[in-house]
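# A closer look at the structure
Each chain, letter by letter, is given below.
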Amino acid sequence: MARKKKMSTGKKVGITALAAVIVIGGVAGYATLGKKSTTSNVLNEYLPVDMTTQDLSQMTDSYAFEVAANVQQGLLSRTSSGAPKAGLAKSWSHSKDGLTWTFHLRKGLKWSNGDALTAEDFVYAWQRTVNPKTASQYAYIYSGIKNADAINSGKNKDLSSLGIKAKNKTTLVVTLEHPMPQFQNLMAFPVFFAQDKKFESSLGSKVGTSSSKQVYSGPYKFVGWNGSNKKFKLVPNKNYWDAKAVKNKGVNFQVVTDTTAALALYNKGELDQVTLSTPQQIKKYKNSKNFKIYNQSQTDYLEYNQTGKVKGLTNTKIRQALNLATDRKTIANSVSEGLDSAATGITPAGLALTSTGGDFAKAAAKATAYAYNIKKAKKLFAEGMKEAGLKKLTLTIEGSSDSTVTKSTLDTLQQSWSELPGLTVKEKLVPFKQRLLDQENHNFDVVLAAWGADYSEPLTFLNMFVTDGANNDGKWSNKQYDTLINNASDKDALSDTKRTADEIKAEKTLYDDSAVNPVYWVNAAILSNSKVKGVQYFSSGAPYYFWNAYRSKK
């Protein structure tokens with residue numbers, strides 16, 4: 001988002017910005033819209049990679065989250081501006097110290113199969129996600145909820161001690177270990193949604209492996225997905241508490257990985273929006289009235305395998321040299337006609353504000369100095385190789401083959417990195433799902449990854465790199481960094497000034513140690529059918545709400 005919000009790197013990562021991703025399109029296509037899109041109040045979207053799962057405890061990628069956010073609903077939902085609003089909970093409150101939160105669910109809630117949806121379904125879901133036996137890669141995001149870390153680490157075996165209790169069928173009480181500024185936003189994030197224990201208990205690991213192996217609490221039901229097919233739908237859920245508010249008859253999804261095929265479908269009116277996936281397209285259509293730019297709150301970055309399996313990458317100077325040999329501006333310009341920005345930190349611009357109201361990324365950039373300096377890079381690389389006892393080093397950079405721009409990004413990196421004396425650089429392109437698996441299994445040298453924000457606070461990025469963090473695939477570890485993140489998340493959480501200071505120091509620690517290599521911040525350039533109104537887009541968390549959208553006749 002946020003796999004975990006690990007996204008398909010490169011343009012335009014589906015979803016964190018749009019449901020229509022990595023696609024070629026053109027304004028001219030609207031002149032040939034077919035009857036399907038002009039007469040039917042059904043939306044037509046697509047994904048650039050295969051659907052992975054609809055198990056709320058197991059999903060990690062933005063594509064799964066997009067579907068989940070429309071077929072399920074949390075205690076809270078979001079307004080068009082992204083602010084928290086009532087969801088399955090009609091009201092909520094918290095204690096003065098911010099540690100105790102009480103939610104009052106709507107009466108008569110039902111799952112799509114008719115099962116009663118009660119407060120106990122949230123208790124079950126949260127306990128299942130933090131249970132180490134579930135092996136949820138998103139369990140880390142529960143940190144701050146009473147006993148969540150202890151349970152997930154295996155130190156506390158008592159699931160019932162997790163800070164969530166059902167006082168009765170409609171009243172839920174959540175206890176925090178410390179104040180969490182992002183807590184209300186998290187209540188609208190799919191990992192915190194309810195799960196139907198009655199339905200899931202007999203399924204085991206098969207939960208969410210097809211659309212029929214899940215039940216739904218949101219505006220839509222997910223239908224037609226058998227776990228591997230390319231076409232599926234969202235259809236209105238008659239048991240949703242606010243079913244009358246759904247303004248369309250559903251959403252058709254299809255998986256389209258070939259950009260030429262996607263363009264053909266778009267021109268036929270079988271897709272309602274497309275992401276411009278090449279600099280040429282952006283240049284051609286950027287003056288169109290149907291052209292839009294969305295801030296994706298996404299960073300595409302390189303992660304180094306520091307487990308010790310890859311010679312050289314545990315050496316700080318070698319990593320610093322690789323960072324200095326990365327021409328971020330050239331890469332950003334080449335993939336998006338200048339629409340994307342060279343990253344100055346892991347936290348993207350436009351995501352969060354500092355305690356004084358300025359953009360956090362700009363403030364953090366004063367403490368970092370990511371730059372292209374091949375002369376300095378060569379010097380540091382030679383020193384690092386000597387320290388590591390190496391004369392030659394071969395590194396393979398892995399990226400997603402599903403993306404139209406990964407290859408050009410890797411080509412630029414290969415060209416500049418190969419100037420370092422004794423370094424041979426190879427490229428490896430694999431499908432998005434395989435890239436995620438390789439990251440999770442630390443089966444890579446260097447990987448081009450992407451992360452989109454789960455919530456509008458720098459910690460959604462900075463939390464990734466704490467020691468043994470679920471998203472710390474490179475296994476970098478730094479005690480000072482861990483302390484800074486712990487302080488920002490705990491004792492300094494309610495002080496904007498102190499929390500911002502901690503987070504800026506954390507960005508500097510990442511930079512000083514070359515823990516990772518932020519390459520560019522991603523925006524999305526799209527063309528959308530002007531007849532489709534009301535799609536709500538968010539730059540953090542799940543990207544789209546579709547239920548307020550409809551197809552107009554004008």
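Residues numbered from 1 in each chain as written. Predicted model: local features only at pLDDT ≥ 70, side-chain atom pairs only at ≥ 80, totals over all residues. Heavy atoms only, no water.

Attention now goes to the sheet that holds strand 5 (residues 100-105). Where strands meet in a sheet, backbone hydrogen bonds hold them as pairs that are either parallel or antiparallel. The antiparallel open sheet is built from four strands, whose spatial order is 4-5-7-6. Looking at the sheet topology across the chains shown, the edges are occupied by strand 4 (89-94) and strand 6 (164-168). For this sheet the average axis-to-axis angle between neighbouring strands, irrespective of direction, equals 20°. In terms of strand pairing, strand 5 meets strand 7 (residues 171-175) through five bridges, oriented antiparallel. Its bridge partner being in strand 7, Thr-102 is matched across the sheet by Val-173. Lying over the sheet, helix 3 (residues 119-130) contacts strand 5, strand 6 and strand 7, oriented at roughly 165° with respect to strand 6. (Pairing = 2+ DSSP bridges. Helix = DSSP H or I, 4+ residues; strand = E, 2+ residues; numbered from the N terminus. Axes fitted to C-alpha atoms, helices over the stretch in contact; angles between N-to-C directions. Contact = heavy atoms within 4.5 Å.)

This brings us to the packing of aromatic side chains. Enumeration over the complete set of coordinates arrives at 23 aromatic pairs. Ring geometry for Phe-253 against Phe-546: centres 6.2 Å apart, planes inclined by 70°, an arrangement best described as edge-to-face. In this pair, Phe-253 sits in strand 10 (residues 251-255) while Phe-546 sits in the loop between strand 20 (544-545) and strand 21 (550-551), placing the two residues 293 residues apart along the sequence. Neither residue differs from the other here; Phe-253 and Phe-546 are each classed as buried. Ring centres of Tyr-370 and Tyr-511 lie 4.9 Å apart, and the angle between their planes is 80°; on these two criteria the pair is classed as edge-to-face. (Phe/Tyr/Trp six-rings, centres within 6.5 Å; stacked < 30°, edge-to-face > 60°. Buried < 20%, exposed > 50% of the residue type's maximum accessible area, 1.4 Å probe, protein only.)

With their axes 10 Å apart at the nearest point, helix 10 (residues 328-336) and helix 13 (residues 406-417) run at an angle of 155° to one another. Viewed along their axes, helix 10 and helix 13 adopt a mutual orientation that is roughly antiparallel. Of the two elements, helix 10 crosses helix 13, and the hand of that crossing is right-handed. Listed contacts from helix 13 to Thr-330, Ile-331 and Val-335 of helix 10 are Ser-408, Thr-409, Thr-412 and Leu-413. (Parallel < 35°, antiparallel > 145°, perpendicular 65-115°, else oblique. Left-handed = near helix turned anticlockwise from the far one by under 90°.)

Attention now goes to the environment of Leu-494. Along the chain, Leu-494 turns up in the loop between helix 16 (479-489) and helix 17 (496-512). The class for Leu-494 is exposed, based on a relative accessible area of 60%. For Leu-494 and Gln-414, which are 80 residues apart along the polypeptide, the C-alpha to C-alpha distance reads 44 Å. Dropping the residues within four chain positions of it, Leu-494 is found in contact with Asp-97 and Pro-179.

This part takes up the sheet that holds strand 9 (residues 231-236). An order of 1-10-9-8 is seen for the four strands of this open sheet, with the pairing classed as mixed. Bordering the open sheet on either side are strand 1 (43-47) and strand 8 (220-223), each of which pairs with just one other strand. For this sheet, the mean inter-axis angle between neighbouring strands, taken without regard to orientation, is 20°. Here helix 2 (residues 62-71) sits on the sheet and contacts strand 1, strand 8, strand 9 and strand 10; the angle it forms with strand 8, its principal contact strand, is near 135°.

Here we take up the nonpolar core. The biggest cluster of nonpolar side chains holds 103 residues, and the ones touching the most others in it are Phe-103, Phe-122, Trp-126, Ile-141 and Phe-192. The element contributing the most residues to this core is helix 2, with seven residues. Setting aside chain neighbours within four positions, we find Phe-122 in contact with Gly-74, Leu-75, Leu-88, Leu-105, Leu-117, Ile-164, Leu-172, Phe-192, Phe-193 and Ala-194. Core analysis: the second largest hydrophobic core is formed by 33 residues, Val-310, Ala-321, Trp-417 and Tyr-520 among them. (Core = buried A, V, L, I, M, F, W, Y, C linked by side-chain atoms within 4.5 Å.)

Here we take up the pairing of strand 7. Regular strands show a simple pattern: their side chains alternate between the two faces of the sheet. The buried fraction of strand 7 amounts to four of the five residues, a majority that puts the element mostly inside the structure. The pairing of strand 6 with strand 7 spans four bridges and is classified as antiparallel. Each residue of the ladder has a partner; that of Ile-164, found in strand 7, is Val-174. Connecting strand 6 to the antiparallel partner strand 7 that follows it, the hairpin turn spans two residues.

Quick look at empty space enclosed by the protein now. When its volume is computed, the largest cavity comes out at roughly 40 Å³. Lining the largest cavity we find Ala-69, Gln-72, Gln-73, Gly-74, Leu-76, Ser-77, Ala-188, Phe-193, Tyr-545 and Trp-547. Class assignment of the residues belonging to the lining of the largest cavity gives a composition of six nonpolar, four polar and no charged. (1 Å grid on protein atoms, 1.4 Å probe; cavity = no way out; pocket = protein on both sides within 12 Å on 5 of 7 lines; lining within 4 Å. Points joined across faces, edges and corners; volume = space filled by probe spheres on them. Nonpolar A, V, L, I, M, F, W, Y, C, P; charged D, E, K, R; others polar.)

Before going further, it helps to examine the environment of Leu-105. Of note, Leu-105 is situated in strand 5. You can call Leu-105 buried: its relative accessible area is 2%. Considered as a pair, Leu-105 and Leu-88 are 17 residues apart in the sequence and their alpha carbons are 5.7 Å apart. For Leu-105, the residues in contact, after removing those within four places along its chain, are Leu-75, Leu-88, Ala-89, Lys-90, Leu-117, Thr-118, Ala-119, Phe-122, Lys-169 and Thr-170.

Moving on: the environment of Leu-413. Locating Leu-413 in the fold gives a position in helix 13. In this structure Leu-413 comes out as buried when scored by relative accessible area, which is 0%. When the C-alpha positions of Leu-413 and Ala-125 are compared, they lie 43 Å apart, and in sequence the two are 288 residues distant. Contact partners of Leu-413, with chain neighbours within four places excluded, come to Leu-302, Thr-326, Ile-331, Ile-397 and Ser-418.

To continue, consider helix 14 (residues 432-440). Taken together, the buried positions of helix 14 are occupied by Phe-432, Arg-435, Leu-436, Asp-438 and Gln-439. Projected onto a plane normal to the axis of helix 14, the buried residues spread over an arc of 165° and lie on a single side. For helix 14, the secondary structure elements touched by its buried residues are helix 2, strand 12 (291-304), strand 14 (393-400), strand 15 (423-430) and strand 16 (446-452). Positive phi shows up at His-442, right after helix 14, with a value of about 60°. (Arc of directions from axis to C-beta.)

This part covers the layout of surface pockets. Vacant regions in the atomic arrangement are exposed by a probe of water-molecule size rolled over the atoms. Here the largest pocket defines a volume of roughly 730 Å³. Lining of the largest pocket is provided by 30 residues; of these, Tyr-140, Ser-143, Asp-149, Asn-463 and Val-466 occupy positions nearest its centre. Those elements that place two or more of their residues in the lining of the largest pocket are helix 4 (148-153) and helix 16. The biggest single contributor to the lining of the largest pocket is helix 16, with four residues. Looking at side-chain class alone, the lining of the largest pocket contains twelve nonpolar, 13 polar and five charged residues.

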